[in-house]
Amino acid sequence: MILAGMSLEELEELMSTLGATKFRAKQIHNWIYAKSVSTIDEMTDLSLKFREQLKETAVVTDTKIKVKQVSKDGTIKYLVEYPDGECVETVLMRFDNRANLTACVSSQVGCAVNCSFCATAKGGFRRNLTYKEIVEQVLIIQRDTGLKVTNIVFMGQGEPLLNLDNVLKALEIFNRDFQIGARRITISTSGIIPGINRLADLNLQSTLAISLHAPTHELRKEIMPIENKYNITDLKTALKSYADKTGRRVTVEYILIHGFNDTPRVAKELAYFLKDLKCNINLIPYNSVVENDYKKPSTDDIMKFKYLLEHSGKKVTVRLERGADIDAACGQLRGKH
Ligand code: SF4
């Protein structure tokens, strides 16, 4: 049995089968989520005898760090290996100050959505992660760094809304057991409309980020085949309904690719498309991935694009590049493994 990912109630049930008190469950819960230990032996406020008994039925984790890379800017990328040999990448980013630690987690091994600019898509889809496997990624970061993750973004490998049950269960654990506020958790999607509708009905406090990347059907389908299944017009209807039902602004993610979607004409089309949607816009200058020919936009083009969108009254940010030297930047995951 794997203890990581278990709730306090589940641990209490386990304790009762072992003939131990509920208080033991609290202690173990604290060791897993607050102190981030990886073995039962480290739970030193449990008696040696009880630790031996617990070790007969359980381990803290069965997940390993296969590779760890540290970027010049402090970003850390982990290749996390599960017992079946499948691996995903998880990234720890430090924004503003060291107190603000964001984990970018993966929700699937590989991805079936097949966006043309994405390194993950090159490996195809392999399987969904269980909620415990998602949770393990954050535990691995905490164990390895000794630091507490404060923010989570579901922006690693995979399409979270195609594995929504596990993503929601992991979100509940991040919220309840890690004490990470729902407002500090972002779920990103390529535009899976049934998933967006489900999130709207759940009315969570988390942020929904939509990877839009183009303002028209014709342009979007060139880089995102999902556009053929859920087109941009229906997507906007779903996003507007989400914003209305939840009262929350959507974050529009927009990767700027030189000469493709970074021109002033496209900026105006994007402003027009988004004019009646409550949203903030996050521009992400493209990061080169070896397997394709897309290019990074110039700083001048990024600033012009930003200006035109701001002129339409939207709040626009340009995402800081993190971990580009270790292929941990957006769209670069699973670049080399
Ligand atoms: S960008 Fe996201 S949704 Fe698109 S292929 Fe990559 S992991 Fe999948």
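Scroll up a little and you will see the structure.
This section reports on the structure supplied with the text. Everything numeric in this text was worked out from a predicted model, so none of it was measured.

1. What to know about the overall build of the protein chain
Right, so step 1: Each helix and strand in the protein chain was counted, giving ten helices and twelve strands.
Right, so step 2: Taking 2.2 N^0.38 as the reference for a compact globule, 337 residues should give roughly 20 Å; the C-alpha atoms of the protein chain span a radius of gyration of 21 Å, in line with that estimate.
Right, so step 3: By its C-alpha atoms, the protein chain is 70 × 40 × 35 Å across when sized along the principal axes.
Right, so step 4: Among the 337 residues that make up the protein chain, the fraction classed as buried is 43%.

2. Re the sheet that holds strand S1 (residues 64-70)
Right, so step 1: Pairing is mixed across the open sheet formed by ten strands, whose spatial order is S1-S2-S3-S4-S7-S8-S9-S10-S11-S12. Each having just a single partner strand, S1 and strand S12 (315-318) make up the two edges of the open sheet. This sheet shows a mean twist of 20° between the axes of neighbouring strands, independent of strand direction.

3. Concerning the environment of Leu8
Right, so step 1: Its place among the elements puts Leu8 in helix H1 (residues 8-17).
Right, so step 2: With 16 C-beta atoms counted inside 10 Å, the residue Leu8 sits in the partly exposed group.
Right, so step 3: Taking C-alpha positions, Leu8 is 28 Å from Glu86, a pair spaced 78 residues apart along the chain.
Right, so step 4: Once residues within four sequence positions are removed from consideration, Leu8 is found in contact with Ala25, Lys26 and His29.

4. Side note on the nonpolar core
Right, so step 1: In this structure, Val138 and Phe174 are the most contacted members of the largest nonpolar core, which totals 87 residues.
Right, so step 2: With seven residues, the single largest contributor to this core is helix H4 (residues 131-145).
Right, so step 3: When residues of this core are assigned to domains, at least three map to each of domain 1 (8-57) and domain 2 (64-326).

Thresholds, definitions, all that
Residues numbered from 1 in each chain as written. Predicted model: local features only at pLDDT ≥ 70, side-chain atom pairs only at ≥ 80, totals over all residues. Helix = DSSP H or I, 4+ residues; strand = E, 2+ residues; numbered from the N terminus. Rg over C-alpha atoms; globule rule 2.2 N^0.38 Å. Buried ≥ 20, exposed ≤ 12 C-beta atoms within 10 Å, placed from the backbone. Pairing = 2+ DSSP bridges. Axes fitted to C-alpha atoms, helices over the stretch in contact; angles between N-to-C directions. Contact = placed C-beta atoms within 7 Å. Core = buried A, V, L, I, M, F, W, Y, C linked by C-beta atoms within 7 Å. Domains from an automatic or database assignment.

Structural measurements only, silent on function.
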